[in-house]
Structure formats: C-alpha cells, structure tokens
Amino acid sequence: MDRPSPASSLTTSSRKHAQAPRLPAAGLGKVDALQYLRALAALMVVFYHAGHYLIGHRQGPDLQGFFDGRLALHGVAIFFALSGYLMAELALRSGPERFLLHRLTRIYPIYLICTAAFCALSPLIIGSAYTPRLLATTLIPIGSASYALGIEWTLLFEVTFYVFVFLVIWAGAARALAAIGLAWLALVVASLWLLPRPDVATLTPPLYLLPFNAANGAFACGLLVPTLMRHVRVPWPAALAPLAALAVSGYFDLAENRVIAGVTSAALIASALSWRVETLPAALQRAMLKLGDASYAIYLVHVPVIVAAYRWLPEVVPLGPAWAVASALAVAVGLAVGRLDIGLYRRLKRWADGLRAPQARAFVGAYIAAFVVIASYGSVVNLIESRDTAAAAAALDGLGPVTDAATVAAAIARKGAGFAAPAGEVEQVATLPDERLAIAGWALDREAPKTTTFIAVFCEGRQIAWAKRQRLRPAAADTLGMPGLRKVRVGFTLASEPRRPCPGGGQPVVVAADVRGKAWVVPYRGARP
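Residues numbered from 1 in each chain as written. Predicted model: local features only at pLDDT ≥ 70, side-chain atom pairs only at ≥ 80, totals over all residues. Heavy atoms only, no water.

1. Focus on the overall build of the protein
The following threshold applies: Secondary structure elements follow DSSP: runs of H or I of four or more residues count as helices, runs of E of two or more count as strands, with numbering from the N terminus. Only heavy atoms matter for contacts: two residues are in contact if any of them lie within 4.5 Å across the pair. Computed with the Shrake-Rupley method and a 1.4 Å probe, the accessible areas treat only the protein chains shown as cover for residues.
On a plain count of helices and strands, the protein comes out with 17 helices and seven strands. Across the protein, every contact between residues at least 6 apart in sequence was considered, and the portion connecting residues at least 24 apart equals 77%. A total of about 23400 Å² of accessible surface is found on the protein, and carbon and sulfur atoms cover 64% of it.

Structure representation (structure tokens):
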C-alpha cells in the first residue's frame, strides 16, 4: 500500500529490467496514476461507510441508495488489484526476507497505533470501553472474530497474500507469478460453483477457506497486469470497465460481483499505467497525491471517525450535512495520520534494510512460525465451530414452520428433543435505528449448563438470527442458586439479519439449541418487541 518511488520502476540489472513492465512516456506519471487510484478507492470506501453508519445512528432516508455496498466492493477490489500488480513487480527484484519485512513494516506499525488509539478513545467513540482480542489483532486469519477498526477483514487478505508471495519468491518461482495468478483466478471462479456461498463470501474466513474466497479474484488479476503490459498497451476506455460492472451488478450475487470487480479493477490499473496525469491541473494533482499517500491511514481511521461524528453531532443536523461532515472528518483525520504513517514507514524500512541477512531471516522466520501456529489454531477452532453449529442446527430439523412459540414447543416435545431442566428468559427485544431487531437474554439446561448452545430467532416463519451463547450472566447464576455458572457464558445478545424482520408485527420466537441435538423455546419475561 506504500507509494513506490519513481526509481522503483527501474532496475540496475538489464536482465531484470527486461522483465519489468514497460513504462509510459512519463515514468512519474505512472506512479502518480497509481496514487490517484488509491485516493479514489479510499474515497469510495469512506463514502459508503458514511452512508452505512448513518442509517445505524439516525432514522430517515437511506443514503446507501447513492453510496451503497457496490461502491465499497469496488474500492476494496482496486486496493487488492493494486497490491497484486505491485507485488508481482517487487517479487522480481526483492529477496524473500526483505520483501516480507517491507510488507510487515508497512502494514503493522500504523495499524497497531490506530488500534491502540481507538481502544483508548472507545468510551468517546462508541460509549464504552473496547478490549481487543489478541489473536484478532495479529491480522492472521483465525475465522470469525471481532475487530476494533471495522475494516480489518481486508488486512487479513492482504497479510495472507504477502505471505503467499513471500513463499513464491522463497521457492524461486517469482517469474511464474502470472501463471500462478491465472491458476488462482480459475480456482476462485470454480469455487463459485463448487463451494457453498458462505465459504466463498465470508469476510473473515479461516486459512483453509481463504484461498477460495471470491475477494482474491482482485489479487489474482493484479498479478496478471505486468505480463499483460509487456505484450499490449491497454487503451484508456478500459478504465470504464468498473462502471460497466456496477451497471450489471444487480444480476449477480456478492461473491460473483467480487470476482467481476477484481477483473475490472485490473483493467482499470492496466489502463492507468498509460495515463499522462501531468496534464491535469496542478492543484488537483497535489490533492490526489496527498490523498493517495494517506490512503492507508484514511482506510484505517475512517470508520471510528465516522461513528464518533454521528455519535456527537446534534440530532438537529440534517442527514445530508451529517454525512458530508462525517466523510470530511474521516478524510481530514486520515490525512493527519497519514503524515505519521509515511514518516514511520520510511524509518522502519531503513531499519529493515540495515539488518544483516541472519537477523532478517530470524525476524521473518519468527513471523512465519507465528502465522502458521495462529492460523492453524483458528482453522481448528473454526472446524469445531462448524461441527457444533451443524449438531445444534439438527435440533431444529423437522420442527416445521416456526410461527409461534406454542407450536414449536409442541414439535420439540413430540420429537423428544427438549432440554431436561430448562431455564432462561428473553430479557429485551429492541428495534435498532436501522430497523433490525436486537435480542438479549440467557438460556441453559440446568442438567448440562456448560454444553455449547446456540440461539435461533424466528419471525413469521423465517429464521432471522443465529449465534452462539457468548455472554456472562452472573445475575442469572445467582437467581438459580448456581454460583459455578458465574463464569459460564450462558447469555446472548444478537441482532436480526434483515431490517424490518417482522413486517406483520409478529413476536419473534427465540429457541435455544445445543450440540446434543436438544432444544427449548426461551420465554419472554416482560420484554416485547
């Protein structure tokens, strides 16, 4: 994500130079064009999230009609395709250890600073203290996890991609990256038909699923750009390919649109390499370069800044101006943090370049070992979670349409799959500002209170939420006279997936299901939607 210097497009070795992509007439223009694309991608993501979080804080018209998820999808695809293109170039002129050290010093330091700042300021930003999960903060894929800044899922893909390219360089196969990219793209496309949609579209996959994820289409296509540019000069109309993809996106699902966005983003980059951006007004060039330089910092800080802006802006501020203020603040804070980011990276890169070979190998070896251990742990946990989910979901098989609590309870009784000694209650059902339902409570079988248990919520025959019991409820333990439960996670808080999940005004039915295949309808205690 760092801006390459003009000299980075040249090599001192004539043999390596022959392998590098051809430069347009203005070498500096090539570098600037990529910075402009970074700036564009960052703004696309900011504008989308400003609309997304606005409807989560304010009732009113949905600004995502103007800046919807397609904007963020293509913004992320541009970032990923740029990484693919640049890593394909760097792989030919970098040793494996130096390559990975530069990538790690680019990603982690400013990310950790921003995460620490968010945690320190979280009472002001979200109204409560936030404690990050250590393993999630490593940015190594571990499967489902919560993250502080709200955008870390893309960094999981970036970091894993860097490790992948490191292994390719280490194996002496850097010149085969184009062929590898083509094979990877074919694998991603095939996965759209061969794997379940959740496995190819999830934002936080475990390592064993990550290579098949549709988002990788952009990395794979980016790896093809240097080879493409050695054989053809892509005309400027190719830059319009993302607009065509946006126009037809309604005909495809999320995973398919991610692959299409990857292909069109690579076409945009290949076209941009022939732009003569020095013909643009000087003020616009300076603005876009600053935004491009700060694009990573803007990306890191924009969600917390937007959330804080909506929390502190007076309710009297209309939706449009509130969106504009939040977007402008996110960019302004990102520009300020970007100055720190660039200076820090330059110093750390010099430090990395000053390491002796044994030291560089030791640092990289330690990181790769940590990556393997943490990613393997996450994969094992995810496999166990998948097994538990399937076992708990089996308790709901054969119950028929879940329309009301009495019917479901009777079906469970006929099936003989009920909790032996159930306890619990739905404590609260509330409508969120974005019109989803939030449901909180606790549930357990007193004969097996520690058994892994999931909570399913139904409304008018449709399942609208599903999550594992993950919260402590010491008060419930005291009520039951079971002090040992104070440290057992018997509580739940979950939100419905669709907005307006009960259009007919029906009451949600909450069902607890555990890995033994047992189930129980959790009753309400004074809580009504």
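From this point, the narrative continues.
2. With respect to the environment of Ala-322
Note on placement: Ala-322 falls in helix H14 (residues 319–353). C-alpha separation for the pair Ala-322 and Tyr-310, spaced twelve residues apart in sequence, amounts to 7.2 Å.

3. Some details on the pairing of strand S7 (residues 519–522)
Where we set the bar: The classification of residues rests on relative accessible area computed with a 1.4 Å probe and restricted to protein chains. Under 20% of the type maximum is buried, over 50% is exposed, and intermediate values are partly exposed. Two strands make a pair as long as DSSP finds a minimum of two bridges between them.
The side-chain alternation of S7 yields two buried faces, one formed by Ala-519 and Val-521 and the other by Trp-520 and Val-522. By the bridge criterion, four bridges tie strand S6 (residues 509–514) to S7 in an arrangement that is antiparallel. Paired with Ala-512 across the bridge in S7 is Trp-520. Between S6 and the antiparallel strand that follows it, S7, lie four residues; Gly-517 among them carries a positive phi value of about 85°.

4. A short note on the confidence of the model for the protein
Definition in use: Known as pLDDT, the predictor's confidence for each residue is given on a scale from 0 to 100.
Per-residue confidence for the protein gives a mean pLDDT of 86; residues scoring 70 or more make up 90%. Note on residues 1–29: pLDDT is under 50 here. Beyond four places in sequence and across chains, it has 63 contacts.

5. Observations concerning the state of the cysteines
Short version of the rule: We call a pair of cysteine sulfur atoms a disulfide whenever their separation is within 2.5 Å.
Counted under the stated rule, the structure contains one disulfide. Between Cys-459 and Cys-502 runs a disulfide, and the two sulfur atoms are separated by 1.7 Å. Disulfide Cys-459-Cys-502: the torsion about the S-S bond is 135°, which places it as right-handed. Pair noted here: Cys-459 is in strand S3 (residues 453–459) and Cys-502 is in the loop between strand S5 (491–495) and S6, with a separation of 43 residues, a long-range link. The two residues Cys-459 and Cys-502 agree in class, both being buried.

6. Focus on the packing of aromatic side chains
What counts is decided by this rule: Centres within 6.5 Å make a pair out of two Phe, Tyr or Trp rings, where for Trp the six-membered ring is used; the pair is then stacked when the planes are under 30 degrees apart, edge-to-face when over 60, and tilted otherwise.
Under the criterion given, the structure shown has 17 aromatic pairs. Seen from their ring centres, Trp-153 and Phe-157 are 5.7 Å apart, and the 85° between their planes marks the pair as edge-to-face. Highlighted residues: Trp-153 and Phe-157, both in helix H6 (residues 152–170), separated by four residues, approximately one helical turn. Like Trp-153, the residue Phe-157 is buried in the burial classification.

7. Concerning helix H13 (residues 295–312)
Put simply, the rule reads: Every helix has an expected span of 1.5 Å times one less than the residues it contains. The angle between axes fitted to the seven residues ending at a residue and the seven residues starting there is what we call the bend at that residue.
Taking 1.5 Å of rise per residue, the 18 residues of H13 would be expected to cover 26 Å, and the 25 Å separating its terminal C-alpha atoms lies within 8% of that figure. Approximately 45° is the largest bend angle found in H13, and it occurs at Val-301, with the proline Pro-304 only one to four residues beyond.

8. Side note on the sheet that holds strand S4 (residues 462–468)
Threshold: An axis is simply a line fitted to the C-alpha atoms; with a helix, the fit covers only the stretch in contact. Between two such axes, the angle follows the N-to-C directions and lies from 0 to 180 degrees.
Taken in spatial order, the four strands make up an open sheet running S4-S3-S6-S7, and their pairing is antiparallel. Each edge of the sheet is formed by a strand with only one pairing partner; in this case those strands are S4 and S7. Averaged over all adjacent pairs, the angle separating strand axes in this sheet is 25°, with direction ignored. Packed onto the sheet, helix H16 (residues 405–415) meets S6 and S7 and runs at close to 160° relative to S7.

9. Things to note about the nonpolar core
Quick note on the threshold: As used here, the term nonpolar core means buried Ala, Val, Leu, Ile, Met, Phe, Trp, Tyr and Cys residues forming a set that is joined through side-chain atoms within 4.5 Å.
Membership of the largest hydrophobic core comes to 127 residues, with the highest contact counts inside it found for Leu-100, Leu-300, Tyr-310 and Tyr-367. Membership of the second largest hydrophobic core comes to 19 residues, among which are Ala-443, Val-510, Ala-512 and Tyr-524.

10. Digging into H16
For clarity, the cut-off: As used here, the arc belongs to the directions running from the helix axis to the C-beta atoms. Under the rule applied, a polar contact is a pair of N or O atoms within 3.5 Å (in protein, one hydrogen donor and one hydrogen acceptor; residues adjacent in sequence only if both atoms are side-chain atoms).
For H16, the set of buried residues is Val-408, Ala-411 and Ile-412. Down the axis of H16, the buried set is contained in an arc of 100°. They therefore lie on one face. Exposed side of H16, more than 90 degrees from the buried face: Ala-406, Ala-413 and Arg-414 are the residues found there. Contacts from the buried residues of H16 go to S6 and S7. With a side-chain oxygen positioned 3.2 Å from the backbone nitrogen of Ala-406, the residue opening H16 is Asp-404. Positive backbone phi, at 70°, marks Gly-416, one or two positions downstream of H16.

11. Looking at the pattern of salt bridges
Pairing is possible between side chains that carry opposite charge, provided their charged atoms lie close to one another. Threshold: For this document, the term salt bridge refers to a Lys or Arg side-chain nitrogen within 4 Å of an Asp or Glu carboxyl oxygen.
For the structure shown, the criterion picks out nine salt bridges. A salt bridge links Arg-197 to Glu-256; the shortest N-O distance between them is 3.1 Å. Highlighted residues: Arg-197 in helix H8 (residues 197–201) and Glu-256 in helix H11 (residues 254–272), separated in sequence by 59 residues. For Asp-445, the salt bridge identified is with Arg-516, shortest N-O distance 2.9 Å. With a gap of 71 residues between them, Asp-445 in strand S2 (residues 437–445) and Arg-516 in the loop between S6 and S7 connect regions that are remote in the sequence. Taking relative accessible area as the criterion, Arg-516 reaches 38% and is therefore assigned partly exposed. Here the residues in one salt-bridge network are Arg-197, Asp-253 and Glu-256, joined through shared partners.

12. A few points about unusual backbone geometry
Positive phi outside glycine occurs at Leu-139, with the angle close to 65°. The topology assignment puts Leu-139 in the loop between helix H5 (134–137) and H6. The phi dihedral of Glu-460 falls on the positive side, at around 55°, and the residue is not glycine. With respect to the helices and strands, Glu-460 occurs in the loop between S3 and S4. The class for Glu-460 is partly exposed, based on a relative accessible area of 37%.

13. So, the side chain of Arg-258
Cut-off, in case you're wondering: When charges are tallied, Lys and Arg are placed among the positive residues and Asp and Glu among the negative ones, while His and the ends of the chain are skipped.
Within the fold, Arg-258 resides in helix H11. Although buried, Arg-258 forms no salt bridge, and the nearest oppositely charged side chain, Asp-253, lies 9.0 Å from it. In this structure, Arg-258 is in contact with Leu-73, Trp-153, Leu-203, Ala-214 and Ala-215, ignoring residues within four places of it in sequence.

14. Brief notes about the sheet that holds strand S1 (residues 422–431)
Overall, antiparallel pairing links the three strands, which are arranged S1-S2-S5 in an open sheet. Strands at the two margins of the open sheet, each flanked by one partner only, are S1 and S5. Across the sheet, the mean angle separating the axes of adjacent strands is 15° when strand polarity is ignored. Pairing between S1 and S2: nine bridges, direction antiparallel. What sits directly across from Thr-431, in S2, is Leu-437.

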